[in-house]
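Breakdown of the fold
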Amino acid sequence: MKKLASRRRANGTAKSRGFTLVEVVIAMVILVGGILVVNSSWSGNLLRIRKAALYNNVAFLLERKVVELEAEFSGKPIAEISERSGDFGSEYPQYKWTFEAQPFQMPDLTPIIMSQTNSSVDQMLLTVMGQMQEFMSKAIVEGRVTLIVTTPKEPIKFSVTLYFVDYTQSLSLPGGK
């Protein structure tokens, strides 16, 4: 009985010699859980920051290349627009670009018009549409600028399409002078 009495304080409770094993395990679980949450949010934020920087560079470089090509081909005949490729120098070593040009192909709208009228289509309208398609294929060139980003896994491609129009082409319609 003396042993038990010696462990009691003046107020009648047992002396505390430290933390129990259960308390230490619970504290460790809480600490590890907190570290895991912080680690996952930190790595997720780093990935988002890298993606944002990549997309920012891509948008800047695509805009720069489109402006350069528009300035280069401004006022030149459509026939002089040609394919080319290159890079952005030592400032952006992992970025490359290509430019592909092709004549504009206007879709054939005849089936749509014929289905909406449910009767015989005016031959004059079909003739005008055919001439417009021919005119647009001669007066418009479709260009595609593709930016290629070299990454450790695989290259990533981003593209933008632009149109060059030759306003000097003449359009002759039937019945016109």
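These remarks concern the structure in this document.

What counts, and where the lines are drawn
- Residues numbered from 1 in each chain as written.
- Predicted model: local features only at pLDDT ≥ 70, side-chain atom pairs only at ≥ 80, totals over all residues.
- Heavy atoms only, no water.
- Pairing = 2+ DSSP bridges.
- Helix = DSSP H or I, 4+ residues; strand = E, 2+ residues; numbered from the N terminus.
- Patch = residues over 30% accessible without salt bridge, like charges linked within 9 Å, V, L, I, M, F, W, Y side chains within 5 Å.
- Areas by Shrake-Rupley, 256 points an atom, 1.4 Å probe, with all protein chains shown as cover.
- Salt bridge = Lys/Arg side-chain N within 4 Å of Asp/Glu carboxyl O.
- Core = buried A, V, L, I, M, F, W, Y, C linked by side-chain atoms within 4.5 Å.
- Buried < 20%, exposed > 50% of the residue type's maximum accessible area, 1.4 Å probe, protein only.
- Contact = heavy atoms within 4.5 Å.
- Phe/Tyr/Trp six-rings, centres within 6.5 Å; stacked < 30°, edge-to-face > 60°.

**Comments concerning the pairing of strand β4 (residues 156–165)**
Summarising the sheet, strand β3 (residues 140–149) and β4 pair through ten bridges and their orientation is antiparallel. The residue of β4 that forms the bridge with I140 is V165. Counting the residues between successive antiparallel strands, the hairpin from β3 to β4 contains six residues.

**Focus on a nonpolar patch on the surface**
On the surface, F19, V24, M28, L31 and I35 cluster together into a nonpolar patch covering about 540 Å² of accessible area. Inspection of the secondary structure puts M28 in helix α2 (residues 21–73).

**Here's the deal with the nonpolar core**
Of all hydrophobic cores here, the largest spans 21 residues; its most connected members are V58, Y95, F99 and L147. Counting only elements with at least two residues in this core, the list comes to α2, β2 (95–103), β3 and β4. Per-element tally for this core: the top contributor is α2, with seven residues. With sequence-adjacent residues up to four places away left out, Y95 is seen in contact with L54, N57, V58, L61, D87, F88, L147, I148 and V149.

**Describing the pattern of salt bridges**
With the rule as written, the count across this model stands at four salt bridges. Two residues, R84 and E72, come together in a salt bridge whose shortest N-O distance is 2.2 Å. Remark: E72 occurs in helix α2 and R84 occurs in strand β1 (residues 84–87); sequence separation between them is twelve residues. Since its relative accessible area comes to 27%, R84 is described here as partly exposed. Exposure remark for E72: the relative accessible area of 31% places this residue in the partly exposed category. If you follow the salt bridges from partner to partner, you end up with R64, K65 and E68 in one network.

**What about the environment of M129?**
Examined against the element boundaries, M129 turns out to sit in helix α4 (residues 123–139). For the pair formed by M129 and T110, sequence separation is 19 residues and the distance between their alpha carbons is 7.9 Å. Every residue in contact with M129, bar those within four places of it in the chain, is listed here: L109, T110 and I113.

**A closer look at the side chain of D166**
Relative to the helices and strands, D166 resides in the segment after β4. Once residues lying within four places of it in the same chain are set aside, the contact partners of D166 are I78 and A139.

**A few points about the pairing of β3**
It is a general feature of regular strands that their side chains alternate between the two faces of the sheet. Most of β3 is tucked away, with nine of its ten residues classed as buried. Pairing analysis gives nine bridges linking β2 to β3, with the strands arranged antiparallel. What sits directly across from Q102, in β3, is E142.

**Some remarks on the side chain of K65**
When you line up the elements, K65 lands in helix α2. Since its relative accessible area comes to 9%, K65 is described here as buried. Setting aside anything within four residues of it in sequence, one finds K65 in contact with F88, W97 and V145.

**Thoughts on the packing of aromatic side chains**
In this structure the tally under the stated criterion is seven aromatic pairs. Centroid distance Y55 to F158: 6.0 Å. Interplanar angle 80°. Geometry classified as edge-to-face. One end of the pair, Y55, is in helix α2; the other, F158, is in strand β4, and 103 residues separate them in sequence. An angle of 80° between the planes, with centres 5.9 Å apart, marks the rings of Y92 and Y95 as edge-to-face. Ring pairing ties together the aromatic residues F60, Y92 and Y95, which thus form one cluster.

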